[in-house]
Amino acid sequence: GDQVKQSPSALSLQEGTNSALRCNFSIATTTVQWFLQNPRGSLMNLFYLVPGTKENGRLKSTFNSKESYSTLHIRDAQLEDSGTYFCAAEAYPGSWQLIFGSGTQLTVMP
Amino acid sequence: EAGVTQSPRYAVLQEGQAVSFWCDPISGHDTLYWYQQPRDQGPQLLVYFRDEAVIDNSQLPSDRFSAVRPKGTNSTLKIQSAKQGDTATYLCASSFARNTGQLYFGEGSKLTVL
């Protein structure tokens, strides 16, 4: 089911612009992870979050556990940011079992 | 530090054939996961281990799928009598759960069942 719902499902950006991806949860998760899957299929861990905000270069992610959502902000998008972004939440606290959303397919155009 | 290693990268089978996928997790990681990712979907957990013990295999189709991690390091996922619906990428991931649950994935094994 839609325990982890991502939006939008697909997004096109011009190089140099900014955007935000969102994840809504219907399960009571205490941690969130964001991944980028490149065209070869490799999943790279971008963020591991407890409630709060983390920043890494042009990426910033926030997890609001009270309102059950997380966002991933991309600043100054580059061509290499293209791929599918997944968020994932713990099935239940302490389980280390992740439930993934269905992904946001991002295309950055020159 | 070496990442998670999987083999083979690709497999093509006829229905009814068997295949085994192998995973070598990051050294020192106690938890190992197998995920199935159908085309254009998110990964779905099949089974995970803490050391050599199965923690949850409730999503593993037990009649045809099996997974082992006998020494708490490498793991093998086997599919017997493959079906077309098994066509997917099989992803292995590992984490050091006693520290955090941050997952690191291998590049996956892409299975096509004709």
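Residues numbered from 1 in each chain as written. Chains lettered and ligands numbered in written order. Predicted model: local features only at pLDDT ≥ 70, side-chain atom pairs only at ≥ 80, totals over all residues. Heavy atoms only, no water.

A. Representation of the sheet that holds strand β3 (residues 19-24) of chain B. All names here are of chain B. The antiparallel open sheet is built from four strands, whose spatial order is β1-β3-β8-β7. The open sheet has two edge strands, β1 (5-7) and β7 (65-68), and neither has a second partner. If you compare each strand with its neighbour and ignore which way they point, the axes differ by 15° on average. Bridge count between β7 and strand β8 (residues 75-79): four bridges; the pairing is antiparallel. Bridge pairing links Ser66 to Lys78 in β8. (Pairing = 2+ DSSP bridges. Helix = DSSP H or I, 4+ residues; strand = E, 2+ residues; numbered from the N terminus. Axes fitted to C-alpha atoms, helices over the stretch in contact; angles between N-to-C directions.)

B. Representation of the interface of chain B and chain A in the model. Opposite the 19 residues of chain B that make contact, chain A presents 17 residues. Carbon and sulfur atoms make up 49% of the area that chain B and chain A hide from each other, which totals about 1,600 Å². Looking at the side of chain B facing chain A, the largest losses of area belong to Gln102(B), Phe105(B) and Glu107(B), adding up to 25% of the total buried there. Scanning the region where chain B abuts chain A turns up one salt bridge. For the salt bridge of Arg40(A) with Glu107(B), the shortest nitrogen-to-oxygen distance reads 3.0 Å. Our count for the chain B to chain A interface comes out at six residue pairs in polar contact (both at pLDDT 80 or more). Contributions of two or more residues to the side of chain B that touches chain A are made by β4 (31-37) and β5 (44-50) of chain B. (Contact = heavy atoms within 4.5 Å. Buried area = accessible area lost by both parts, 1.4 Å probe. Salt bridge = Lys/Arg side-chain N within 4 Å of Asp/Glu carboxyl O. Polar contact = N/O pair within 3.5 Å; in protein donor to acceptor, adjacent residues only side chain to side chain.)

C. Representation of the pattern of salt bridges in the model. On inspection of all chains with the given rule, the structure shows five salt bridges over all chains. The partner of Asp81(A) in a salt bridge is Arg58(A), and the shortest N-O contact between them spans 2.7 Å. Of this pair, Asp81(A) sits in the loop between β8 (69-74) and β9 (83-90) while Arg58(A) sits in the loop between β6 (52-56) and β7 (59-64), placing them 23 residues apart in sequence. In this structure Asp81(A) comes out as buried when scored by relative accessible area, which is 8%. Each of the salt bridges in this network shares a partner with another, and the network as a whole consists of Arg40(A), Arg9(B) and Glu107(B). (Buried < 20%, exposed > 50% of the residue type's maximum accessible area, 1.4 Å probe, protein only.)

D. Focus on the state of the cysteines. Residues and elements named next belong to chain A. Under the counting rule described, the total for this entry stands at two disulfides over all chains. Here Cys23 connects covalently by a disulfide to Cys87, the sulfurs 1.6 Å from one another. Because the sign of the S-S torsion sets the handedness, a value of about 40° for the bond joining Cys23 and Cys87 places this disulfide among the right-handed ones. Residue Cys23 is located in strand β3 (residues 19-25), and its partner Cys87 is located in strand β9; the two are separated by 64 residues in the primary sequence. Exposure remark for Cys87: the relative accessible area of 0% places this residue in the buried category. (Disulfide = S-S within 2.5 Å.)

E. Up close: the side chain of Ser70(A). Residue and element names in this part refer to chain A. Structurally, Ser70 can be placed in strand β8. Overall, Ser70 belongs to the buried group, its relative accessible area being 0%. A polar contact is formed between the side chain of Ser70 and the side chain of Trp34, at a distance of 2.9 Å. Within the local environment of Ser70, its side chain forms a polar contact with the backbone oxygen of Thr62, the two atoms lying 2.8 Å apart. When sequence neighbours within four positions are dropped, the list of residues in contact with Ser70 reads Leu21, Arg22, Cys23, Phe25, Val32, Trp34, Leu49, Ser61, Thr62 and Phe63.

F. Inspection of the pairing of β5(B) at higher detail. Residues and elements named next belong to chain B. Among the seven residues in β5, five count as buried, and that is most of the element. Across six bridges, β4 lies against β5 in antiparallel orientation. Across the sheet, the residue bridging to Gln36 is Gln44, located in β5. In textbook terms, the turn of a hairpin is the stretch between consecutive antiparallel strands, and for β4 and β5 this stretch comprises six residues, one of which, Asp40, has a positive phi near 65°.

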